[in-house]
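Letter by letter, the chains look like this.
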Amino acid sequence: MTTFTALGPGEPATLAVYPTRKLSKINPNIYSGFTEHMGRCIYGGIYDPSNPNKHFIDEHGFRKDVIEAMQELKVPVVRYPGGNFVATYHWLDGVGPREKRPRRPELAWAGVESNEIGTDEFMKWCEVVGTEPYLALNFGTALAWVEYCNSSSATHYANLRRQHGHDKPYNVKYWALGNECWGPWQVEQMTKEAYANKAYRWAKALKLLDPTIQLILCGQDGTSSWDFHTLSTCLRPDVHALGGSATASLIDMHSIHMYTASSDPVKNALAPLAAERAIEVCAGLIDLARIENGVLPSVPRQMICFDEWNVWDPSRAIGSEGAEEKYTLSDALAVAIWLNVFIRQSKYVGMANIAQSVNVIAPLMTTAEGLIKQTTWWPLLLFCKYMKGWTVATHVGCGVYEGATEPAWLQGVGEVGWLDVSAAVDEEGWVSMCVVNAHLSEAQEVRVEGLAAGGEQVEVYEISGKAWDESNADGTQRVGIEERNWDGQGRHVFPAFSITMLRWKT
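Residues numbered from 1 in each chain as written. Predicted model: local features only at pLDDT ≥ 70, side-chain atom pairs only at ≥ 80, totals over all residues. Heavy atoms only, no water.

Visitor: Quick question: what am I supposed to make of helix H6 (residues 225-234) here?
Guide: The α-helix advances 3.6 residues per turn, and as a result positions three or four apart in sequence lie on the same side. Summarising burial for H6: seven of the ten residues are buried, a large majority. If you check which residues of H6 are buried, you get Trp226, Asp227, Thr230, Leu231, Ser232, Thr233 and Cys234. Considering only its buried residues, H6 is in contact with helix H5 (192-209), strand S9 (214-218), strand S10 (253-260) and helix H8 (273-293). Among the residues of H6, the N-terminal cap falls to Ser224, whose side-chain oxygen and the backbone nitrogen of Trp226 are separated by 3.3 Å. (Buried < 20%, exposed > 50% of the residue type's maximum accessible area, 1.4 Å probe, protein only. Helix = DSSP H or I, 4+ residues; strand = E, 2+ residues; numbered from the N terminus. Contact = heavy atoms within 4.5 Å. Polar contact = N/O pair within 3.5 Å; in protein donor to acceptor, adjacent residues only side chain to side chain.)

Listed below in structure tokens is the structure:
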């Protein structure tokens, strides 16, 4: 959590960090990924057997450079197979001998699905990467898919998995109850009443089949009547489905989605602050549903699963055309603020999945010749490596941004400072503080309080550029990380329109 004091013109900015004041544990799953059957994410992204440069491809047809990048981030969980794709997906099309798998019309993104990659291949990819799968269900064959993946019984779909060469169950932990079922673009669109009733029934059946799984309810953006109704309907005790447990729940997390973008570089960078208010509102709705429905305090509080987030303007990166964004320095600042939000709100966020991990609105882009790390890769890398452990208290005093915001309502829910800050302390006592200076032309000279005593060296990691629209998308790295040390004395200068991470040992 970061508190804020608005300062007037000419007043010197200050930052204070309190490493001993641990506020909440940071769930590593906030650094999760997402791979959908969309554009070049799966085919040409994680799986590229026809690439003429065979040294990039492993024995399974997977891109080794993508695997290495995911391992560098230590991505804990990857969501699959969608996204909108999941509404008409039949998982049985993607198992068994490849030569017998049907090609199907793909309705979400106006393509054709070959089903070369399916459940077993994705599980193998997760094993190679060292990550955990998170599968999104539709309400057609959900029970059968969970049985195929998780059952050790001698039943039909568990036996089918064995016939396909996988004797042991995959024990998939995370399962989503649909995706964006509120959206008019969805084949599986329904009213909030219809969805809530269906999700509740399916949750009972799925938990009876496998009580160890975690189920994620389909929310909207955390601020809507859809969120309120689905939570109120589904966050209630069910003695039968839970075997009389006083500590279990049918629903474990509530999913919300949000994408931010603006053609104005400052509005674009600050737009993710809308997600912070959405998380706070959604957390209140979860509490309200628990209170009204008499959920026992012994049942763990349901967390928010922010399983689609990113910078995306669908008008410039059209979904049906592959949604390949060319990210700028402004977008990198936006991603850093997104991640600051998740650190500040770690009390409420149990998982967050950048959408998506490769090629489709992604920090990584593949070519036949290699891998391009977009501007947004670099803040993501810093957070994945260093922002772990516990959120710690910070206070910021700085000038206020007084311009228009995107979305417009953001302007009316609180003051927006030029400096956006979060801080964490890990198990070894390393403090990491990320500071985003969203001012397009003015550096911020700041006194930083709370640094380690004794003049210990402070590690400085800085991401900036010559212009807000600098991009790495053509393969030339114009935006990256510059490293240096600072003695912690005096004031630190945070360059205009930059991301800075300071690290020191307590």
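Visitor: Explain the sheet that holds strand S7 (residues 132-137) to me, please; I cannot follow it from the model alone.
Guide: Each strand in a sheet pairs with its neighbour through backbone hydrogen bonds, running either in the same direction (parallel) or in the opposite one (antiparallel). The eight strands are arranged S3-S4-S7-S8-S9-S10-S11-S12 in an open sheet whose pairing can be described as parallel. Every other strand in the sheet has two partners, leaving strand S3 (33-34) and strand S12 (349-354) as the edge strands with one partner each. With two bridges connecting them, S3 and strand S4 (residues 77-80) associate as parallel partners. In the sheet register, Gly33 faces S4, and the bridge partner there is Val78. Seen against the sheet, H5 touches S7, strand S8 (174-177) and S9 and runs at an angle of roughly 175° to S9. Here helix H9 (residues 329-344) sits on the sheet and contacts S10, strand S11 (303-311) and S12; the angle it forms with S11, its principal contact strand, is near 175°. (Pairing = 2+ DSSP bridges. Axes fitted to C-alpha atoms, helices over the stretch in contact; angles between N-to-C directions.)

Visitor: Any chance you could explain empty space enclosed by the protein here in plain terms?
Guide: Which parts of space are left empty comes out when a probe the size of a water molecule is rolled across the atoms. Here the structure, examined in full by the defined rule, presents three cavities of 30 Å³ or more. Of the voids in this model, the largest cavity is the one considered here, and its volume is about 70 Å³. Every residue along the wall of the largest cavity is listed here: Tyr31, Ser32, Gly33, Met70, Leu73, Val75, Ile354, Ser357, Pro363 and Leu380. A breakdown of the residues in the lining of the largest cavity according to their chemical character gives seven nonpolar, three polar and no charged. (1 Å grid on protein atoms, 1.4 Å probe; cavity = no way out; pocket = protein on both sides within 12 Å on 5 of 7 lines; lining within 4 Å. Points joined across faces, edges and corners; volume = space filled by probe spheres on them. Nonpolar A, V, L, I, M, F, W, Y, C, P; charged D, E, K, R; others polar.)

Visitor: What should I look at first to understand the packing of helix H3 (residues 142-150) against H5 in this one?
Guide: At a minimum axis separation of 10 Å, H3 and H5 run at an interaxial angle of 20°. Judged by the inter-axis angle, H3 sits roughly parallel to H5. At the point where H3 passes H5, the crossing takes the right-handed sense. Where H3 abuts H5, its residues Ala142, Leu143, Val146 and Glu147 lie against Trp202, Ala205, Leu206 and Leu209. For the contact of H3 with H5, the residue count by class is seven nonpolar, no polar and one charged. (Parallel < 35°, antiparallel > 145°, perpendicular 65-115°, else oblique. Left-handed = near helix turned anticlockwise from the far one by under 90°.)

Visitor: Just to check I follow, could you spell out the environment of Pro297 for this structure?
Guide: By the secondary structure assignment, Pro297 is in the loop between H8 and S11. A residue is classified by how much of its surface remains accessible, and Pro297, at 78% relative accessible area, is exposed. Here the alpha-carbon distance between Pro297 and Thr247, two residues 50 residues apart in the chain, equals 8.4 Å.

Visitor: I would appreciate a short explanation of the nonpolar core in the present structure.
Guide: Soluble globular proteins tend to bury their nonpolar side chains together. Ranked by internal contacts, the top residues of the largest apolar core, which has 130 residues, are Trp125, Trp175, Leu177, Tyr195, Phe306 and Phe342. In this structure, Phe342 is in contact with Ile30, Ile279, Phe306, Trp309, Val349 and Ala352, ignoring residues within four places of it in sequence. Among the nonpolar cores identified, the runner-up in size contains 23 residues, and Trp390, Cys398, Val460 and Phe494 belong to it. (Core = buried A, V, L, I, M, F, W, Y, C linked by side-chain atoms within 4.5 Å.)

Visitor: Looking at this structure, how should I read the environment of Tyr348?
Guide: Here Tyr348 is to be found in the loop between H9 and S12. When the C-alpha atoms of Tyr348 and Ile304 are compared, they prove to be 6.0 Å apart, with 44 residues separating the residues in sequence. Look past the residues within four positions of Tyr348 in its chain and what remains in contact with it is Ile279, Ala283, Arg301, Met303 and Ile304.

Visitor: I tried to follow the packing of aromatic side chains on my own but got confused; where do I start?
Guide: When we look at a pair of aromatic rings, we describe it by the centre distance and by the angle of the planes. Under the defined criterion, the tally for this structure stands at 24 aromatic pairs. When the ring of Trp91 is compared with that of Tyr148, the centres are 4.9 Å apart and the planes differ by 50°; the resulting orientation is tilted. Residue Trp91 is found in the loop between S4 and strand S5 (104-106), and its partner Tyr148 is found in helix H3; the two are separated by 57 residues along the sequence. Look at Trp91 and you get buried, because its relative accessible area is 1%. (Phe/Tyr/Trp six-rings, centres within 6.5 Å; stacked < 30°, edge-to-face > 60°.)

Visitor: Whenever I open this one, the pattern of salt bridges confuses me. Can you help?
Guide: Close approach of charged atoms allows side chains of opposite charge to pair. Scanning all chains against the criterion turns up 22 salt bridges. For the salt bridge of Arg301 with Asp287, the shortest nitrogen-to-oxygen distance reads 2.8 Å. Taken together, the residues span a long stretch of sequence, with Arg301 in the loop between H8 and S11 and Asp287 in helix H8 at a distance of 14 residues. With relative accessibility at 26%, the residue Arg301 sits in the partly exposed group. In this structure, Glu462 engages Arg484 in a salt bridge whose closest nitrogen and oxygen atoms are separated by 3.0 Å. Of the two residues, Glu462 sits in strand S21 (residues 458-463) while Arg484 sits in strand S22 (residues 482-486), which places them 22 residues apart along the sequence. Residues joined by salt bridges that share partners form a network here, namely Asp48, Arg63 and Asp65. (Salt bridge = Lys/Arg side-chain N within 4 Å of Asp/Glu carboxyl O.)

Read these as geometric descriptors, not functional statements.
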